[in-house]
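# Overview (structure and organization)
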Amino acid sequence: MHRRFPELERVPHYVVWTLVALFATILHGTAAAQTWTWKNPLPHGNTNNSIQRPAPKVIVIVGDHGRIIRSTDDGLTWKLADSRTNVSFYDESFIDAEYGWACGEDGIISRSTDGGLTWKRQNTGTNKRVYAINFFSRQTGWAVGVGGLILYTSDGGTTWVNKSYADPHFLRSIYFDDDNRGWIMGWSDQGLILETTDAGATWLRKNFNLPGNPEYIYYVNNTVRFICGGNGLLLKTGDRGEKWRNIDSKTGVDLISMFFVGDDKGWAVGKGGVIIATTDKGETWRKVASGTEADLMDVSFTEYGTGIALGVEGTILRSTDWGESWTDVSKGTRASFYSMDFVNENTGFAMGRDGEILRTADGGDSWTESKFGKTLQLNAIDFVNESQGWAVGNRGQIGMTTDGGASWSIQMSDKIFNLNSVAFRDAKTGLAIGDEGTVCTTNDGGNTWNISPLASKMEMMDIAAAGARCWVAVGAQGAISLSCDDGVSWEAQTSPVKEDLLSVKFIGRDKGWICGTHGTVLLTEDGGKSWEQMPTNIFLPLTGIDFADASNGTVIGAEGTVLTTMNGGKTWTRLDRPTESNLTGISYVTSKRMWAVGLGGTIMRCDW
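Remember, it's a predicted structure, so these values are computed and weren't measured experimentally. (Residues numbered from 1 in each chain as written. Predicted model: local features only at pLDDT ≥ 70, side-chain atom pairs only at ≥ 80, totals over all residues. Heavy atoms only, no water.)

Counting its regular elements, the chain contains 2 helices and 56 strands. In summary, the chain has a C-alpha radius of gyration of 27 Å against a globular reference of 25 Å for 608 residues, a match within 12%. Across the 608 residues of the chain, 60% fall into the buried class. Relative to all contacts within the chain whose residues are 6 or more apart in sequence, the contacts with residues 24 or more apart total 43%. For the chain, the accessible surface area stands at approximately 23100 Å², while carbon and sulfur atoms represent 47% of it. Taking the 56 positively charged and 70 negatively charged side chains of the chain as two groups, their mean positions are separated by 1 Å. (Helix = DSSP H or I, 4+ residues; strand = E, 2+ residues; numbered from the N terminus. Rg over C-alpha atoms; globule rule 2.2 N^0.38 Å. Buried < 20%, exposed > 50% of the residue type's maximum accessible area, 1.4 Å probe, protein only. Contact = heavy atoms within 4.5 Å. Areas by Shrake-Rupley, 256 points an atom, 1.4 Å probe, with all protein chains shown as cover. Lys, Arg positive; Asp, Glu negative; His and termini not counted. Charge placed at Lys NZ, Arg CZ, Asp CG, Glu CD.)

Let's shift gears to the environment of I95. Mapped onto the fold, I95 is located in the loop between β6 (89-94) and β7 (100-104). Linking I95 and Q411, residues 316 residues apart in sequence, is a C-alpha distance of 63 Å.

Strand order in the open sheet formed by 4 strands is β46-β47-β48-β49, with antiparallel pairing between adjacent strands. Since the sheet does not close on itself, it has two edges, and those belong to β46 (501-507) and β49 (532-533), each with one partner. Examined bridge by bridge, strand β48 (residues 520-524) and β49 share 2 bridges and lie antiparallel to one another. Residue pairing across strands places L522 opposite Q533, the latter belonging to β49. (Pairing = 2+ DSSP bridges.)

Next up on the list: the sheet that holds β7. Sheets are built from strands paired through backbone hydrogen bonds, the pairs being either parallel or antiparallel. Here 4 strands make up an open sheet; going across it, the order is β6-β7-β8-β9 and the pairing antiparallel. Each edge of the open sheet carries a strand with a single partner, namely β6 and β9 (120-121). Pairing analysis gives 4 bridges linking β7 to strand β8 (residues 109-112), with the strands arranged antiparallel. Paired with A102 across the bridge in β8 is S110.

Right, let's get into the pairing of strand β18 (residues 214-219). Among the 6 residues that make up β18, 6 are buried, leaving the element largely enclosed by the rest of the structure. The pairing of β18 with strand β19 (residues 225-229) spans 5 bridges and is antiparallel. Paired with P214 across the two strands is G229, which belongs to β19. Between the antiparallel neighbours β18 and β19 lie 5 residues.

That bond from N40 to P41 is cis: its omega, -15 degrees, falls within 30 degrees of zero. Within the fold, P41 resides in the loop between β1 (35-40) and β2 (48-55). Cis geometry is found at the peptide bond from L42 to P43, where omega equals 10 degrees. Take P43: it is sitting in the loop between β1 and β2.

Another point: the environment of N385. Considering the arrangement of structural elements, one finds N385 in the loop between β34 (378-383) and β35 (389-393). Judged by its relative accessible area of 32%, N385 is partly exposed. Spatially, the C-alpha atoms of N385 and F342 are 9.0 Å apart, while their sequence positions differ by 43 residues. A polar side-chain atom of N385 sits 2.9 Å from the main-chain amide nitrogen of S387. (Polar contact = N/O pair within 3.5 Å; in protein donor to acceptor, adjacent residues only side chain to side chain.)

Moving on, we come to the state of the cysteines. In total, this model carries 1 disulfide according to the counting rule given. There is a disulfide in this structure between C470 and C484, and the S-S distance comes to 2.2 Å. Taking the sign of the torsion about the S-S bond as the criterion, the disulfide between C470 and C484, at about 110 degrees, is right-handed. In this pair, C470 is assigned in the loop between β42 (460-465) and β43 (471-475) and C484 in the loop between β44 (480-483) and β45 (491-492), connecting sequence segments 14 residues apart. The closest cysteine sulfur to the non-disulfide-bonded C440 is located on C484, 20 Å from its own sulfur. Sulfur of C606: no disulfide; nearest cysteine sulfur belongs to C515 and is 17 Å away. (Disulfide = S-S within 2.5 Å.)

Attention shifts here to the pattern of salt bridges. Scanning the model with the defined rule gives 27 salt bridges in all. Between R593 and D607 there is a salt bridge, with its nearest N and O atoms 2.6 Å apart. In this pair, R593 sits in strand β55 (residues 593-598) while D607 sits in strand β56 (residues 603-607), placing the two residues 14 residues apart along the sequence. The exposure class of R593 is partly exposed, given its relative accessible area of 22%. Here the residues in one salt-bridge network are D177, R181, E195, K206, R225, R240 and E242, joined through shared partners. (Salt bridge = Lys/Arg side-chain N within 4 Å of Asp/Glu carboxyl O.)

Time to look at the nonpolar core. The nonpolar side chains of soluble globular proteins are, as a tendency, buried together. Membership of the largest hydrophobic core comes to 27 residues, with the highest contact counts inside it found for I193, F226, I227, L234, W244, M258 and W285. Secondary structure elements with two or more residues in this core: β15 (182-187), β18, β19, β20 (234-237) and β22 (255-261). Sort the elements by how many residues they give to this core and β18 lands first, with 4 residues. Listed in part, the 14 residues of the second largest apolar core include C470, V472, V474 and V504. (Core = buried A, V, L, I, M, F, W, Y, C linked by side-chain atoms within 4.5 Å.)

For the rest of this paragraph, the subject is the packing of aromatic side chains. In this structure the tally under the stated criterion is 33 aromatic pairs. Considering the side-chain rings of F342 and W595, the 4.6 Å spacing of their centres and the 15 degrees angle between planes classify their relative orientation as stacked. Note that F342 is positioned in strand β30 (residues 337-342) and W595 in strand β55, a separation of 253 residues in sequence. Residue classification places W595 among the buried residues on the basis of a relative accessible area of 0%. Centroid distance W367 to W595: 6.0 Å. Interplanar angle 80 degrees. Geometry classified as edge-to-face. Of this pair, W367 sits in the loop between β32 (356-360) and β33 (368-371) while W595 is found in strand β55, placing the two residues 228 residues apart along the sequence. Chaining the aromatic ring pairs together yields one cluster made of F136, W142, Y152, F176 and W203. The ring of Y219 has R225 sitting right over it, with the charged end atom 3.9 Å from the ring centre. (Phe/Tyr/Trp six-rings, centres within 6.5 Å; stacked < 30°, edge-to-face > 60°. Lys NZ or Arg CZ within 6 Å of the ring centre and 35° of its normal.)

This part covers the confidence of the model for the chain. Here the chain averages 91 in pLDDT, and 94% of its residues register 70 or above. Across residues 2-32, where pLDDT falls below 50, the model places 72 contacts with residues more than four positions away in sequence or in other chains. (pLDDT = per-residue confidence, 0-100.)

Printed below as a string of structure tokens:
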């Protein structure tokens, strides 16, 4: 079972998109049948990007990885809508209670005709990212995106006409004053605003020479607009943009989106959970406590003072007092999980950094929490049945439960070393490994533990049983060690890589797999005596590996990376990412079902 990986918190988000181009081939049978279901947090843990209110008390939010959620009680409860895609959505536009459109990655524009319950993708003729969309009737709409992309429809999106701007700027938002005059906000040095006065037939750049890093433009009314952006930038115009002036936003963090009710009351949200508010037409602003440090992407209010702010990791905040106070209405813990173990289809365990251990007995529909006892960091768990399991962590901590995690007894603690992984072959025989090649062995269920070092002294990350009395431990700088006497003696094996190896899995005595940093996957077919590196074509850390049988397996890793194999690990196929969260632990239940956990409270089930 697997340890935590703090280095994953430093993987840049943009790396994934740089590498996506390396994967064009998908095993269609596997990918098409793959369904991911969020179990924590709820309704999901992906980034929410945009909010619309099609009807009284009805709210639709679109987000990353095809997640669209809907509320019919003004944001108290939420249900997933049928988006029919895993492609990320960035913006949406509803013209009435029924008709709405959402746009996003890979040129996607989808339409709903039932208030956001179901969605159908339209043919845009492009695979460029569509970042903003705005409709003015059920027939007429505009969308903009990367590379100067401008799209227009006059038939509700059945057909889209490409009217792209000549210069390949990133176009961020689009609004129209009337049928003829419209504006597009984009990213470039000193800001970019394009204007049309002929209903979009031509677009001309306005030379406003805007200061700072403009991010988003918001229309308060026909003459008043605001621009917000990087480092707390806030600009206001009262003459349709001919002249702009700086407004003190009272913050230095990036502001991402805005919303006004009437001309007086307004809010802006941004990074680090910042919310600022105004009650005097945007002349003065003040900070409001949001209760979160998550980046906020959008905000909306009703005329009665009920507001929703949304953001990364599934964040949904709700206010009923004009934004004076906010409550997180998403459900579930946000603690990061680093290890997971399902012992059958119903019973499973997820372990968090600070001693949180969650247990489900109903296939993940509900989870109960138990505390390990001490507050020392835990790194791995392993259960041999529904009741009996072990957890290991820092300072040599080993704990055991015989009641399914309801209570824990400490078997060892207060050592100078940290333990990163634990594995039991049966209820009696188990091994734990950690710093400087430390190995702890037991043959009496943990009543006594013998401590000995490996010869290599490397930090060991994971361990797995490989048949009768044989074990394989893996760790830093490509370290692989093999024992066939239940850990009494060890022999270092030749590794084809020098990268850190983070997870190991065996099926039977001979076949085993290892994954690690830089996209490493290793395969052995002789019980770990020799290893061959398999091509994955990625370079992100792969943190967890598990197999349902000798043929079918999955690797998970940074930025929601998921690779699968159907031929025993000889070739690997990258699947659509179910989340942007770093995944750290994996557990197969059957050949058709597996679970994954990760940072930000991520618990997900995958069915084929």
